[in-house]
Amino acid sequence: MYSKWTEYKEDSRAENAEDAEGKNTKLLNSTGRVFVEFKYVGKSIQRPDAVKKVTGKAYFLDDVKLPGMLYAAILRPEYAHAKIISIDTSEAEKCEGVVKVVTGKGCEFKYGDNIRDLTPFAVDKVRYIGEPVAAVIAENTHLAREAVKKIKVEYEPLPVLVDALDSLKDDAILIHEKSGEYWHLPGLGPKAGTNIANHYELKKGDIKKGFDDAEVFVEGEFVYPWGSSAAIEPHGSIVWFHEDKTIECWSSSICPFIIREELGRVYDLPLSDVRVHIPELGGCFGYKSDITVEQTIAWIASFVPGHPVKWVATRKEDLLSTLLGHGMRTRMKIGAKKDGTFTAMETTIYQSTGAYSDTGVHVSIGAGHNCGGAYEFPNAHLQSYLVYTNTPPVGAYRGYGHQESQFATERLIDILARKLNMSSFDLREKNYMGDGSVTALGEKLITSHGDVKKCADLVREAIFSKEKPAEDDKYYYGRGFSGVMKTPKGAPFSSKSCYLKFNADGSVAINMGGAEVGQGLRTVVQQVAAEVLMIPTEKIKVYTEIDTQFSPWEWQTIGSMFTTQGGRAVVRACKKAIKMMKKTAAQVLRVNIDNLKYDGEHVYLRNDPSLKLTVESLARGYMYDDGMTVGDVVHTTSDARLPRYSVPDANGQGTMGVSHTFGAQGCEIKIEKATGKIIIDHFASAFDVGRVINAQQIRGQVAGGVMMAIGASLCEELVFDSEGRCHNAMFRKYRFPTIKDAPEKQTIEFVETPGEIGPFGARGIGEHPVIGVAPSILNAVYDAVGIDFFRIPLTAEILKAEMDKK
Amino acid sequence: MKNLQLIKSDNLSELLELLKKEERKYNIIAGGTDVMVLLKEFLIDPQCLYDVSGLSELKEILVDNDSIEIGSAVTMSDIISDSEVSRYAPVLVSALKEVGSPLIRNRATLGGNVGNSSPAGDSIPALFVLNARVNIVSEGNERSVKIEDFILGPRRNVLEKGEIIKSFVIDKMGTDERSFFLKAGSRNALAISKANLAFRFMLKDNLVKSMNLSFGSVGPVVIKSTMIPQLFIGKKPDPGLIDKSCSLVSEEIKPIDDFRSTAKYRVKVLENLLRKCLDEFC
Amino acid sequence: MKINVKVNGKKYERDVRENMTLLRFIREEIGLTGTKEGCGVGECGACTVILNGKTVNSCIVLAVEADGAVIETIEGEAKNGKMSKLQNSFHEHHAVQCGFCTPGMVLSAKTLLKENPKPSEHEIKEALEGNFCRCTGYQQIIEAIQDASGQMKK
């Protein structure tokens, strides 16, 4: 039941407008809009899973124990590129507790969703330093790791390519000699005879004309090097080949259905015979998406049918043998009129995507088509080269190509502003997208896509409204700003589904295929369902595990799409349930269904509310006094896609954005003169999220994303030498940010321009907080010391050296 | 690490006796914060570990008139919270606060930090300026070595087979002495030093009576500065000497290039640390 | 080697291999899986337990070194089905996202508040510098501890 109408939130997308309308016709104002007060949406409801987590009772992959379980340890190569001449497992086989030693010999299949270039183990050659070469299956992990050291491999080293630009040279060795023969999705694919795994090209308008019309230009090359999502819980997987010829898998992954499809396809089983479980996840941030380690563990497990085989990554393996982020070099040129109006953008992105390209291809495409950021470019020529290198494969990392390419955009805009002798705010405002704008993809925006200017104004107020502190003995001071835009890089068939059932007492259970990784989707599900069903969140139980036997299908939980798409699926499933109850009630009350209303506790006759039936009496159909029962048991299913999500056309354009979240970020920094250390005094973020579902939770998302990107901007980088070896694959050398690196103060604000797709107008936010961090910090550095940087991480060492030169 | 044996005792002489007879490859372990990491990363491969953490003889802090003796197995947390050490050897406390995290400091020991003999060991420059002596024991023998003579190079020291560090004897700083410990690392916690320095001085009638300066993480061993103190001794703390001091840094240290930091940066960083330090001092 | 330990008030006697870490002992021998492994080398703090009153990285302590020790893990924090004030505070302040670092964070925070009942923000940061979190950005964890110590800024 809605309470007193003291506060109104204008919402022309009230999910139960029918009911609200009926109740509140007297409250319609002159514009005819419906005013709705939210009871659950917008509130800081506590997460339903926090108690288990804070008492140590939530169980994660490594907590899973199964009968007869064996443990695997994996041998990695000492060369980043080499032919495998021989593998001698005889010594290892004799070690204590060893059951079997496994290699890639005899493996004849490849896997991958986009470009099928992956094998579960190296077969003839190794292509990167973390690749699986052989594995020991033993009674415990310790014994397995001891035995692995006894495996002897003979290699014939090959030349190593560590950077895309080297891989593109004419005389570069081919990392995949037969890449032209690999299966791939239409519209993608390697260029045979080269190290190019994919080339994406987008053309909007007329680039030549765009540059001819320009009166001023800026260009630059920007590098966002390899990093790791580095969730605190490392990757892990358990695979079990059962005696009944089914496969069961547990994984620290967000894509159980993709794992199921891949294993079913490769092991030639109907999907119903492959079952995947996802326990609690200790963070994902991207690198536990697509299929990563599961095929390797499945290959190992296939040699010991009847036994589950568990493997959990060491931190080193988690850094080097799963998926990396970024590895992107962006060359960008912007043309503009003297008054600041952008006329053209030309971008070429080189992604050093590692030894296998399947997981990196869409990152490069997202980076390409959205590198225009929050701004309209009437003419654009955007290209991404996905290039093989002898380094670990790149895959999804929160932000998905957007922070890497918009790093260039936002830096160049500041540089352009200086060139034009114009305020960078005025320059940005001249070009922000809004109602009537057309994106690079050719999508037309309307007001409900969001208001970047409002976000910019909030950040400007937070950071720039007071005087900048003057330089003193110890510090230089600076402020910097960045716009932000992201759309989900999904797939046209991507859908999220919801199973909802009413229990006999009117409480509800909801199962979905969306993976909770900490982002709080379980709370969102509760709150959205509570709002539509008009029942308290305490009466709604949300799933804690995913099991492909019980959970409805979801493509994978990425792209900041869960609130929008998953939330929409929840709304649809709730509305179906209400309709089912009304249908039964119509029968019992002997009226038409449209004479009935629902208010969370009853279904009742509009014109005589005393004629009513309780939800409890309808949940399992309606039972008369004599026991006869009519009507359906209230279980519903529903799903939701992003409307008309497409694939690129011949110009690389298409409806591949659909749901846009705009934002702005800024910072106040000081630079310690003695050391070059950058201290972030204040970081501000504002995003137009359409509708805040949970105020405290969304704040935590932004704070976490900002922190992650501060790490990337100031200290995190996985460094590979010219032989493809990494010397800092551990936290102390990788420089993971600690609590002492958190900004002194964070301002986090939201604009709510309701969108057209998500529940109550909500849009995605999970990834967006990482996007504007690096450019706002580097823009602030220029403001402080007058030096432009084009690469991150900007460590104290690098900054000090440049400051000394000046 | 498979058939690792742990040998523990609460009696020092018993442990030393066993150690003397030990034929296998061994490591001494106290808190284990270095040894366990080396074991897990397969960088050492001992067959047994001699655990000294239970020896009460190694866990005392004794204060007398002009020195403090700190047992080699006292945890860094306990050293930091000891009121006498805080009062009379603050430079050591400052240095230890830079080691790892509180979780590490609750286990790590001076004996381990010095015994590990890493050029980046934070305690070592502080021990230098406190004129530390290292008391070494073995079965039937005791000897004492100056800290600057104890460490020979990265992960190498003068300990012979059968010997362990019993304690450290450090100066008790006087009331007219002051000290600093400064470190440059690229992240606050768990940072492996890029360069660090320990500085101790005494002023009397505004003249520099004594000055001890040591640099760490800039060479294979910690370096005791000889040229820079000479500039100041007997004179007033003169800002004019700061530039000259900084220019002497590259003569005093022979920095190494490694993954963590380049040689040039280390010189620069050290110069800057020194400048920061002398600015306060002058 | 035989060891005797007290874990969350209960006594255990076990025969363990000398190369077993305290972390593996707690998770596998005692069966308490709330303590996690995030890095295995004492850097991330996910394996934090309280050993004789001090927080330690259990992944770099050998089980045999804990002979005779009193150990507290996250499972001992809630009593009789009721969460502690600190746990409630973490819950209310959304200081928990994925939950993997949470057991370690809570134990480090608990020990801090025991030694320093009203820590400043700086002191909170010093005490928790060995506990890594990738999800929260630390902000709401600091707020949870401030509230639990009666210092919530309004």
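Keep in mind that this is a model prediction, so the values were computed, not measured. (Residues numbered from 1 in each chain as written. Chains lettered and ligands numbered in written order. Predicted model: local features only at pLDDT ≥ 70, side-chain atom pairs only at ≥ 80, totals over all residues.)

1. A word on the overall build of chain A
Short version of the rule: The numbering of helices and of strands both runs from the N terminus, where a helix is a DSSP run of H or I of at least 4 residues and a strand a run of E of at least 2. Every C-beta atom is placed from the backbone, and the number of other C-beta atoms within 10 Å of a residue's own sets its class: buried at 20 or more, exposed at 12 or fewer, partly exposed in between. With C-beta atoms placed from the backbone, a contact is any residue pair whose C-beta atoms sit within 7 Å.
When its secondary structure is counted, chain A shows 20 helices and 31 strands. When the backbone C-alpha atoms are referred to their principal axes, chain A occupies close to 85 × 75 × 50 Å. Residues counted as buried form 59% of the 806 residues belonging to chain A. By sequence separation, contacts in chain A at least 24 residues apart represent 78% of the contacts at least 6 residues apart.

2. As for the overall build of chain C
In plain terms, the rule: Radius of gyration: C-alpha atoms only; globule rule: 2.2 Å multiplied by the number of residues to the exponent 0.38.
Scanning chain C from N- to C-terminus turns up five helices and five strands. Overall, chain C shows an N-to-C arrangement of helices and strands of β-β-α-β-β-β-α-α-α-α. Scaling as 2.2 N^0.38, a compact globule of 154 residues should have a C-alpha radius of gyration of about 15 Å, and chain C matches this with 15 Å. Projecting the C-alpha coordinates of chain C onto the three principal axes gives extents of approximately 55 × 30 × 25 Å. Expressed as a percentage of its 154 residues, the buried residues of chain C come to 64%. Contacts in chain C between residues at least 24 apart in sequence constitute 57% of all its contacts with a sequence separation of at least 6.

3. Remarks on the pairing of strand E13 (residues 274–278) of chain A
Residue and element names in this part refer to chain A. The line we're drawing: DSSP calls a pair of strands paired once it identifies at least 2 bridges connecting them. Look down the strands so they point away from you; if the path from the first strand over the helix to the second goes clockwise, the crossover is right-handed.
Across the five residues of E13, four count as buried, placing the element largely inside the fold. As judged from the four bridges shared by strand E12 (residues 247–251) and E13, these two strands associate in the parallel manner. By the bridge assignment, cysteine 249 is partnered in E13 with valine 276. Crossover handedness for the path E12 to helix H7 (residues 256–266) to E13: right-handed. As paired elements, E13 and strand E22 (residues 546–547) share two bridges and run antiparallel to each other. Following the sheet pairing, histidine 277 is matched in E22 by aspartate 547.

4. Section: the sheet that holds strand E24 (residues 602–605) of chain A
The pairing of strands in a sheet comes from backbone hydrogen bonds and takes either a parallel or an antiparallel form. All names here are of chain A. Note the cut-off: Lines fitted to the C-alpha atoms define the axes, with helices restricted to the stretch that makes contact. Angles between their N-to-C directions range from 0 to 180 degrees.
Strand order across the open sheet formed by three strands is E23-E24-E25, with antiparallel pairing between neighbours. What marks the edges here is a single partner per strand, and that holds for strand E23 (596–598) and strand E25 (608–614). Averaged over all pairs of adjacent strands, the angle between their axes in this sheet comes to 30 degrees, without regard to strand direction. Of the pairings in the sheet, the one linking E23 to E24 comprises three bridges and is antiparallel in character. Along E24, the bridge assignment pairs lysine 597 with tyrosine 604. Strands E23, E24 and E25 of the sheet are contacted by helix H15 (residues 562–589), whose axis makes an angle of about 135 degrees with E23.

5. Side note on unusual backbone geometry
With an omega of 0 degrees, the peptide bond running from A:Ile792 to A:Pro793 counts as cis. Tracing the backbone through its elements, the reader meets A:Pro793 in the loop between helix H19 (773–785) and helix H20 (796–805).

6. Some thoughts on the interface of chain C and chain B
Interfaces are often sized by the accessible area lost when the parts come together. What counts here: Three classes are used, and their members are as follows: Ala, Val, Leu, Ile, Met, Phe, Trp, Tyr, Cys and Pro are nonpolar, Asp, Glu, Lys and Arg are charged, and the others, Gly among them, are polar.
Listed as interface residues are 21 residues of chain C and, on the opposing side, 24 residues of chain B. Among the elements that take part in the side of chain C that touches chain B, strand E4 (residues 54–57) of chain C stands out by supplying four residues, more than any other. For the side of chain C that touches chain B, a count of residues per class yields eight nonpolar, eight polar and five charged.

7. Some remarks on helix H2 (residues 85–92) of chain C
Of the residues making up H2(C), those classed as buried are C:Leu86, C:Gln87, C:Ser89, C:Phe90 and C:His91. The elements touched by buried residues of H2(C) are helix H2 (50–54) of chain A together with helix H3 (102–115) and helix H5 (139–148) of chain C. Remark: C:His94 follows H2(C) within two positions and exhibits a positive phi of approximately 55 degrees.

8. Examining the domain arrangement of chain A
All names here are of chain A. The test is simple: Note that the domain bounds reflect an automated or database-derived domain assignment.
Splitting chain A by domain gives domain 1 (61–158 + 232–283 + 288–320), domain 2 (328–490 + 646–805) and domain 3 (495–640). Centre-to-centre separation of domain 2 and domain 3, based on C-alpha positions: 39 Å. The interface is formed by 20 residues belonging to domain 2 together with 16 residues belonging to domain 3. Taken together, the residues of the side of domain 2 that touches domain 3 break down into eight nonpolar, nine polar and three charged.

9. Some details on the domain arrangement of chain C
All names here are of chain C. Segmenting chain C into domains produces domain 1 (2–76) and domain 2 (85–148). For domain 1 and domain 2, the distance between their C-alpha centres works out to 21 Å. Contact with domain 1, which involves 13 residues of that partner, is made by 11 residues of domain 2. Partitioning the side of domain 1 that touches domain 2 into residue classes produces six nonpolar, six polar and one charged.

10. Re the sheet that holds strand E8 (residues 152–157) of chain A
Strands sit in the order E6-E4-E8 (chain A) across an open sheet of three strands; the sheet is antiparallel. In this open sheet, the two edge strands, each paired with only one partner strand, are strand E6 (125–126) and E8 of chain A.

11. Examining the nonpolar core
Under the convention used in this document: As used throughout, a nonpolar core is a set of buried Ala, Val, Leu, Ile, Met, Phe, Trp, Tyr and Cys residues joined through C-beta atoms within 7 Å of each other.
Among the nonpolar cores identified, the biggest contains 370 residues, and A:Ala72, A:Val136 and A:Ala529 are the most heavily contacted of them. Aside from chain neighbours lying at most four places away, what touches A:Ala72 is A:Ala135, A:Val136, A:Ile137, A:Ala144, A:Ile297, A:Ile300, A:Val309 and A:Trp311.

12. Quick look at the environment of A:Phe683
All names here are of chain A. Structurally, the position occupied by phenylalanine 683 is in strand E30 (residues 678–688). The exposure class of phenylalanine 683 is buried, given the 32 C-beta atoms found within 10 Å. Taking the C-alpha atoms as reference, phenylalanine 683 lies 6.3 Å from threonine 747; in sequence the two are 64 residues apart. With near-sequence residues (within four places) excluded, phenylalanine 683 lies in contact with Cys667, Val706, Pro743 and Gln746.

13. Some thoughts on the interface of chain A and chain C
Between chain A and chain C, the residue contacts involve 46 residues of the former and 41 residues of the latter. Listed by contribution, the elements that provide at least two residues to the side of chain A that touches chain C are H2, helix H17 (695–714) and helix H18 (731–734) of chain A. The element that contributes the greatest number of residues to the side of chain A that touches chain C is H17(A), accounting for eight residues. For the side of chain A that touches chain C, a count of residues per class yields 22 nonpolar, 14 polar and 10 charged.

14. Observations concerning the packing of H2(C) against H3(C)
All names here are of chain C. Stated formally: Roughly parallel here means an angle under 35 degrees, roughly antiparallel means over 145, roughly perpendicular means 65 to 115, and every remaining angle is called oblique. Two helices crossing with the near one rotated counterclockwise from the far one by less than a right angle form a left-handed crossing, whereas a clockwise rotation gives a right-handed crossing.
Viewed as axis vectors pointing N to C, H2 and H3 meet at an angle of 130 degrees, and their least axial separation amounts to 10 Å. In terms of axis orientation, H2 runs oblique to H3. Between H2 and H3 the crossing geometry is right-handed. Of the residues in H3, those touching H2 at Leu86, Gln87 and Phe90 are Thr102, Val106, Ala109, Lys110 and Leu113. Per-class residue counts for the contact of H2 with H3 are five nonpolar, two polar and one charged.

15. Here we look at the pairing of strand E14 (residues 308–312) of chain A
Residues and elements named next belong to chain A. Within E14, five of the five residues are buried, leaving the element largely enclosed by the surrounding structure. Both strand E3 (residues 70–75) and E14 contribute to a ladder of two bridges, which runs parallel. Within E14, the position partnered with leucine 70 by the bridge is valine 309. For strand E11 (residues 236–241) and E14, the ladder comprises five bridges, and the chain directions are antiparallel. If you follow valine 239 over to E14, its bridge partner there is valine 309.

16. Section: H3(C)
Definition in use: Multiplying 1.5 Å by the helix residue count minus one yields the expected span of that helix.
Compared with an ideal rise of 1.5 Å per residue, which puts 14 residues at 20 Å, H3(C) spans 20 Å between its outermost C-alpha atoms and is within 8% of the ideal. Taken across its 14 residues, H3(C) has 11 buried, putting it largely inside the fold. Within H3(C), the full set of buried residues consists of C:Thr102, C:Pro103, C:Gly104, C:Met105, C:Val106, C:Leu107, C:Ser108, C:Ala109, C:Lys110, C:Thr111 and C:Leu112. If you follow the buried residues of H3(C), they end up packed against H2 of chain A together with strand E3 (48–51), E4, H2, helix H4 (121–127) and H5 of chain C.

17. Considerations on the environment of C:Lys2
All names here are of chain C. With respect to the helices and strands, the residue lysine 2 is situated in strand E1 (residues 2–7). The exposure class of lysine 2 is exposed, given the 9 C-beta atoms found within 10 Å. Residues lysine 2 and glycine 137, spaced 135 residues apart in sequence, show a C-alpha to C-alpha distance of 42 Å. Sequence-distant contacts of lysine 2, that is, excluding residues within four places in its chain, are made with Glu13 and Asp15.

18. Quick look at the confidence of the model for chain A
All names here are of chain A. Spelled out, the test is: Confidence of the prediction at every residue is given by pLDDT, a number between 0 and 100.
Here chain A averages 94 in pLDDT, and 96% of its residues register 70 or above. Long-range and interchain partners of residues 1–8, a stretch whose pLDDT sits below 50, account for 10 contacts in this model, where long-range means more than four residues apart. Under a pLDDT of 50 for its full length, residues 17–31 has, in the predicted model, 14 contacts with residues more than four places off or in other chains.

19. Side note on the packing of helix H11 (residues 402–420) of chain A against H19(A)
Residue and element names in this part refer to chain A. Where H11 meets H19, the closest approach of the two axes is 8 Å, and the angle between their N-to-C directions is 30 degrees. Considering their axes alone, H11 and H19 lie roughly parallel with respect to each other. Relative to H19, the crossing made by H11 is right-handed. Contacts between H11 and H19 involve Gln403, Gln406, Phe407, Glu410, Arg411 and Asp414 on the former and, on the latter, Ala774, Pro775, Leu778, Asn779 and Tyr782. Counted by class, the contact of H11 with H19 contains five nonpolar, three polar and three charged residues.

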